[in-house]
Structures are given as structure tokens and as C-alpha cells.
Amino acid sequence: MSTPAQSSGSKRTFGAKQLLTGLALIALGAIAAVAVLREVTRAPSNSGSAATVGNAYAGTVPRPARTAAEESYATGLWPIHEIVQASAVRMTFAGLSYKMGEIDKVEVKKRVAPLSKVFEQAQVKFDALPVPASMQTQHEQYAEALRLYRNASTEMVKVAQDGKEEHLVKAQAMSYSASENLLRVGDVLWPGEHRPN
Amino acid sequence: MKKVIGTLASLGLAAVGLFGAVAAQAQNCSVWLVESSRFMNVPFGAFMPDRAYVPGSNNPNNNVNTVDLPVNVGVIKCGKELILYDSGWKQQDYLKMTGSDHWAPLPDQLKMLGFNASDVTKIVIGHGHWDHAGQLMDFPNAVLYVQREELKGIEWALNYPNPKIAAVNTSPGGCMRTPACGYPPKTLDEIYGKVLAGKAMIVDGEAEIAPGVKIHPAFRAHTAGSQLLEVPTSIGKLVFGSDAYSSYEGIRDWMIANPQQTDTVQQFLAYEKCYKITGGYQNCVSAHEPLSYTDKYPLTKNSWIGINGSRMAEIALNPGERSRHP
């Protein structure tokens with residue numbers, strides 16, 4: 001049996017391997033340390049010249065006084081807008097609470113389904129508003145927002161049926177577009193709405 | 001022999017760990033301030049009641065009628081992390097707000113500093129108000145950090161039966177008369193979008209988001225879930241406070257600001273936190289600092305004009321970091 005001879009030879013080989021491993025670890029440690037230090041002090045490779053761009057964005061614009069019909073429209077739309085805004089945020093919070101694990105999909109439907117009716121009722125009142133010609137653009141923007149919110153609420157409650165989050169993603173995109181329209185209309189009708197906060 | 005090898009191997013591993021820890025602790029951040037937009041001609045007293053204008057007064061605290069208030073965003077580079085503190089608001093040409101000017105898209109402003117929107121890794125919003133938590137969708141790779149307490153506070157106000165205490169405006173005249181407001185649908189949709197995309201951390205109190213970069217809760221110092229951000233730099237630690245912090249002079253002189261939702265005791269405790277962390281008031285950074293980008297505000301003395309008249313400042317640079325001053 002060649003085992004003893006092999007054993008003694010193996011012992012010498014094993015010791016040398018351990019020594020090499022140890023030295024390699026130390027070397028790796030040193031390399032890693034240098035790499036870390038270089039990373040945190042490395043200058044960024046991007047370059048950008050900071051030229052001042054021309055004035056592509058308009059600033060404040062003096063606003064003309066509103067006509068009686070326009071005031072009446074803004075006043076009439078505000079109570080609808082109050083309810084629509086609050087309902088939109090409630091819809092968003094239903095999604096947030098679901099994603100944060102605070103409610104289940106059944107509760108999502110319980111919270112959002114009534115909001116569909118709120119948006120429908122808002123639509124009825126909205127359609128009854130007399131619209132001055134000068135406010136036609138804002139009226140169409142608000143109508144689009146209402147349509148998107150109704151569709152978003154209908155889409156959201158589908159998560160209760162199949163649990164698929166794609167319904168929430170689709171609904172959020174619609175809600176986001178609707179919210180931009182609310183701001184577009186609000187900027188014209190209620191310009192003091194958003195102050196420093 | 002085996003013992004020697006084992007010891008050397010252990011020392012090697014320890015060296016890796018030690019160098020890593022030392023490097024992490026030694027890490028400072030480079031910091032810039034960017035003016036996202038500016039509220040023009042704001043009555044000083046509406047912002048800071050102690051600075052209310054008194055016609056004919058010789059008191060320097062009461063002889064300034066209106067101020068322009070920037071909406072400042074902190075741009076913080078720590079190693080490979082690019083962090084924003086607050087994110088301004090998106091006011092493109094479809095929305096020209098009365099009293100506001102010098103707005104520019106934050107991604108374009110970052111480009112002037114040599115960064116891309118896709119470089120932003122984290123966004124910490126000091127609170128969820130519309131002028132501090134906008135443009136989130138423009139930073140697809142950024143993880144949003146928002147306090148759970150902030151979201152709980154909004155939801156509470158949303159569902160409170162008295163319409164005078166609401167999370168959304170119940171007066172066309174603005175937020176001042178609905179003290180829990182300031183969260184329009186778009187702002188909440190932006191936060192929700194980040195949560196849906198799996199790019200949000202709901203924070204419970206303190207959190208270290210990068211070595212030495214720490215979130216400190218400042219609940220009710222402005223809103224229910226306000227949060228500060230401590231940042232180590234070559235000029236000492238900075239503490240960003242958003243609207244929990246009034247102004248340079250306000251923190252120096254212990255004056256309140258933004259009173260519509262603020263628990264002023266908590267606000268003063270937030271000031272005290274900055275004093276303790278930084279050793280004074282000079283490195284406490286407020287969002288609407290009226291002296292920003294002037295000689296009277298030392299932190300932003302290295303400033304320049306950017307897009308559409310908005311301003312930027314270079315506050316601190318890490319060794320090896322190049323200046324972005326044009």
C-alpha cells in the first residue's frame with residue numbers, strides 16, 4: 001500500500017496549499033480595500049457644461065378679469081371639484097393601503113366601488129352646468145378627467161376578482177392623467193388654490 | 001503551520017472588513033442646491049409670523065413686506081448614490097401659477113450639473129406636500145423614502161368628517177383655510193406610482209440610507225410625517241429640513257414658519273436636533289430659504305443662475321469631486 005508515502009507527501013502539499021490560500025486572502029483583502037477607497041474618492045466621468053439656456057418657460061402672466069358667466073361657471077364647478085378631488089385621493093389611498101399590506105383586495109373593492117358612483121353623480125351635475133364659450137376648453141379637460149377617474153375606479157375593483165396588480169397599474173395611469181387635467185383647469189378657474197406649502 | 005495560515009487568513013478577512021468600515025465611515029457627500037421654482041412676493045408674515053410687516057417699522061424683523069421663496073431641492077452625491085432631498089413640483093406650460101416663476105424641470109437642472117435623471121438612486125421627501133413631492137415619475141430608478149406617519153396623517157385628514165380639516169382643498173382660495181391640506185390628487189398619484197413600481201420605502205422613524213446619510217423623523221414639525229436628512233460633508237454635517245425648518249435667520253433666532261399644519265414645539269425640537277447634529281444653526285437647510293443664493297446665506301455663496309433664471313449653488317465637494325460651477 002502506498003498510503004503512508006502518499007500520506008506524508010499529501011501533508012506537505014496540504015500545508016503549502018494552505019499557505020498559498022492564506023497569502024491569496026491577504027492579497028485579495030488588500031486589493032478590495034484599495035478598490036473601495038478608490039471608488040469613494042473617484043472623480044465622476046461625466047462632463048457637462050453649464051450653459052444658461054434661453055427663457056423657454058413662461059413665468060407669471062397677468063390675468064384678465066372674469067366675466068359674470070365665467071365666475072358663475074367657476075363657482076358652480078367648485079363643489080363638484082371638491083368631491084372629485086377627495087374621491088380621487090381616496091381611490092389612490094385604497095391602492096396604497098393594499099400595496100402596503102394594510103387591506104386586502106376585497107377591501108379595495110369595498111372602498112373603490114362606491115367612488116365609481118360618486119364620479120357618476122359628479123358627471124350628472126357637471127353635465128348640467130351652463131358653460132360659457134370661453135370656458136369650453138376647461139370644460140372638455142374636466143370632462144376628460146371625470147371619464148378617466150370613472151374608468152380608473154372600474155379598473156381598480158377588478159383586482160378583487162383576479163388579484164392581478166396590472167389593474168392597479170392601469171388605474172393609476174388613468175388617475176394620474178386625470179389629476180393633470182384637474183390642475184390645468186384649476187390653474188385657470190382657481191389660480192390661488194396652491195400656495196407655498 | 002496550520003495555525004499560522006489560519007491566523008493570516010483571518011487577518012486578511014479582518015483587513016477587508018476594517019478597510020470597508022473605515023471607508024464607509026470616512027465617506028463624505030458632495031452637495032448642491034437647486035431652485036426648482038420660486039414663489040414670488042409672498043407676504044413675509046404669512047411664511048414666518050414673527051416677520052410680519054409693520055408699515056413704518058424700524059425693526060429689521062418687521063420692515064420687509066414680501067419675500068420671494070425658492071423651492072429648493074438638495075442634490076447629494078455619496079459615492080455611487082445620487083440622492084435628492086425633496087423633488088419640487090412640475091409646473092410645465094400647462095400650468096402657470098400666479099405668483100410663481102423661474103420654474104425649470106428638475107431633470108434639466110440636474111443635467112446642468114452633469115447628472116442624468118436616471119442617475120438618481122434615492123429621493124427623500126421631507127414631507128408629502130405638492131411643492132416638495134413632485135416630479136417623482138421623472139426619476140425611474142430612484143427609490144422614494146416617505147414616512148408611514150405621513151401617509152397615515154394624510155389618510156386621517158382625508159376621512160375626517162369635518163370638511164374644514166381635510167387633506168385636499170375645500171376652499172378655492174387655497175390651502176390656508178383647510179389646515180390639513182396640500183396633497184392634491186397628482187401628488188398622491190406620484191407617490192402611489194412609486195409604490196406600485198416597487199420603488200418606495202415606507203419608513204418608520206430613523207433610517208440610514210447610505211453610510212452616514214440618515215433620516216431623522218420630525219413628526220408634526222410641519223406635517224404628520226415630516227423627516228429630516230443628515231448628510232456628512234467636507235464642511236461638516238448638513239441637516240436638510242424641508243418645511244420643518246423656517247429659514248437661516250429663523251433657526252438662528254428661534255422663529256416658527258409654515259404655521260398652517262405645524263406643531264411649533266415639534267418644529268423647535270427639529271431645530272434643536274439640527275443644533276445637536278451640526279453644532280450650530282449654519283448647516284440647517286430649509287426648503288424655502290428667502291436668503292438663498294445671496295451673500296447673506298453662507299451655505300449658498302457659491303451660486304449661479306441656471307435655466308429660466310432659477311438658481312443653483314455648490315455647497316460642499318468631496319475630495320476628488322469636480323466643481324459643477326460653470
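Read on for an overview of the structure. (Residues numbered from 1 in each chain as written. Chains lettered and ligands numbered in written order. Predicted model: local features only at pLDDT ≥ 70, side-chain atom pairs only at ≥ 80, totals over all residues. Heavy atoms only, no water.)

**Re the overall build of chain B**
Okay, so step 1: The helix and strand tally for chain B stands at 7 helices and 14 strands.
Okay, so step 2: Per-residue burial for chain B yields a buried fraction of 59% across its 326 residues.
Okay, so step 3: Considering only residue pairs separated by 6 or more positions, chain B has 65% of its internal contacts joining residues 24 or more positions apart.
Okay, so step 4: As displayed, chain B has an accessible area near 11,700 Å², and 56% of this comes from carbon and sulfur atoms. (Helix = DSSP H or I, 4+ residues; strand = E, 2+ residues; numbered from the N terminus. Buried < 20%, exposed > 50% of the residue type's maximum accessible area, 1.4 Å probe, protein only. Contact = heavy atoms within 4.5 Å. Areas by Shrake-Rupley, 256 points an atom, 1.4 Å probe, with all protein chains shown as cover.)

**Considerations on the sheet that holds strand S8 (residues 207-210) of chain B**
Residues and elements named next belong to chain B.
Okay, so step 1: Read from one edge to the other, the open sheet built from 5 strands follows the order S8-S9-S10-S11-S12, with strand pairing classed as mixed. The strands lining the two open edges of the sheet, one partner per strand, are S8 and strand S12 (284-286). Averaged over all pairs of adjacent strands, the angle between strand axes in this sheet comes to 25°, irrespective of strand direction.
Okay, so step 2: Two elements, strand S11 (residues 236-242) and S12, share 3 bridges in a ladder whose sense is parallel. Bridge assignment links serine 242 to a residue of S12, and that residue is serine 286. (Pairing = 2+ DSSP bridges. Axes fitted to C-alpha atoms, helices over the stretch in contact; angles between N-to-C directions.)

**Considerations on the pairing of strand S2 (residues 66-78) of chain B**
All names here are of chain B.
Okay, so step 1: The buried count for S2 comes to 11 of 13 residues, which makes it a mostly enclosed element.
Okay, so step 2: The pairing of strand S1 (residues 30-43) with S2 spans 11 bridges and is classified as antiparallel. In the strand pairing of S2, serine 30 is matched with lysine 77.
Okay, so step 3: Hairpin connection between S2 and strand S3 (residues 81-85): a loop of 2 residues separates the two successive antiparallel strands, and glycine 79 in this loop has a positive phi of roughly 60°.

**Points about the pattern of salt bridges**
Okay, so step 1: With the rule as written, the count across this model stands at 21 salt bridges over all chains.
Okay, so step 2: One salt bridge in this structure joins Glu155(B) and Arg111(A), with 3.5 Å as the shortest N-O distance. Placement of Glu155(B) in helix H4 (residues 148-159) and of Arg111(A) in helix H3 (residues 105-127) is noted, with the two residues assigned to different chains.
Okay, so step 3: Exposure remark for Glu155(B): the relative accessible area of 19% places this residue in the buried category.
Okay, so step 4: Three or more residues are tied together by salt bridges with common partners; here these are Glu107(A), Lys110(A), Arg111(A) and Glu155(B). (Salt bridge = Lys/Arg side-chain N within 4 Å of Asp/Glu carboxyl O.)

**With respect to the pairing of strand S9 (residues 213-217) of chain B**
Residues and elements named next belong to chain B.
Okay, so step 1: Strand direction decides the pairing type here: S8 and S9, joined by 3 bridges, are antiparallel. Note that in S9 the partner of alanine 210 across the bridge is valine 213.
Okay, so step 2: Of the pairings in the sheet, the one linking S9 to strand S10 (residues 227-233) comprises 4 bridges and is antiparallel in character. Across the sheet, residue lysine 214 finds its bridge partner in S10, namely glutamate 230.

**Things to note about the packing of aromatic side chains**
Residue and element names in this part refer to chain B.
Okay, so step 1: Going through the model one piece at a time under the given rule, you end up with 16 aromatic pairs over all chains.
Okay, so step 2: Ring centres of tyrosine 245 and tyrosine 271 lie 6.0 Å apart, and the angle between their planes is 65°; this geometry places the pair in the edge-to-face category. Of the two residues, tyrosine 245 sits in the loop between S11 and helix H6 (248-253) while tyrosine 271 sits in helix H7 (residues 264-278), which places them 26 residues apart along the sequence. Per residue, the accessibility class of tyrosine 245 equals that of tyrosine 271, and both read buried. (Phe/Tyr/Trp six-rings, centres within 6.5 Å; stacked < 30°, edge-to-face > 60°.)

**Comments concerning unusual backbone geometry**
Backbone phi values are negative for most residues with the exception of glycine, while trans is the configuration of most peptide bonds.
Okay, so step 1: Backbone geometry at Gln135(B) places phi at a positive 60°, although glycine is not the residue there.
Okay, so step 2: On the accessibility criterion, Gln135(B) (1% relative accessible area) is buried.

**Points about the side chain of Asn181(A)**
Residues and elements named next belong to chain A.
Okay, so step 1: Summarising the element assignment, asparagine 181 is placed in helix H6 (residues 166-189).
Okay, so step 2: Of the polar contacts made by the side chain of asparagine 181, one reaches the side chain of arginine 184; its length is 2.7 Å.
Okay, so step 3: Apart from the residues within four sequence positions on either side, asparagine 181 is in contact with Gln141, Glu144 and Ala145. (Polar contact = N/O pair within 3.5 Å; in protein donor to acceptor, adjacent residues only side chain to side chain.)

**A few points about H7(B)**
All names here are of chain B.
Okay, so step 1: With 15 residues, H7 ought to run about 21 Å at 1.5 Å a step, and its terminal C-alpha atoms sit 21 Å apart, in line with that.
Okay, so step 2: All buried positions along H7 are accounted for by Gln267, Ala270, Tyr271 and Cys274. One side of H7 holds all its buried residues, which, seen down the axis, span an arc of 100°. Structural note: H7 exposes Val265 and Lys276 on the side pointing more than 90 degrees away from its buried face.
Okay, so step 3: In this structure, the buried residues of H7 make contact with S10, S11, H6 and S12.
Okay, so step 4: With a side-chain oxygen lying 3.0 Å from the backbone nitrogen of valine 265, the N-terminal cap of H7 falls on aspartate 263.
Okay, so step 5: Following H7 by one or two positions, glycine 279 adopts a phi angle in the positive range, close to 85°. (Expected span 1.5 Å × (residues − 1). Arc of directions from axis to C-beta.)

**A word on the environment of Arg184(A)**
Okay, so step 1: Inspection of the secondary structure assignment puts Arg184(A) in helix H6.
Okay, so step 2: Separated by 43 residues in sequence, Arg184(A) and Gln141(A) place their C-alpha atoms 7.8 Å apart.

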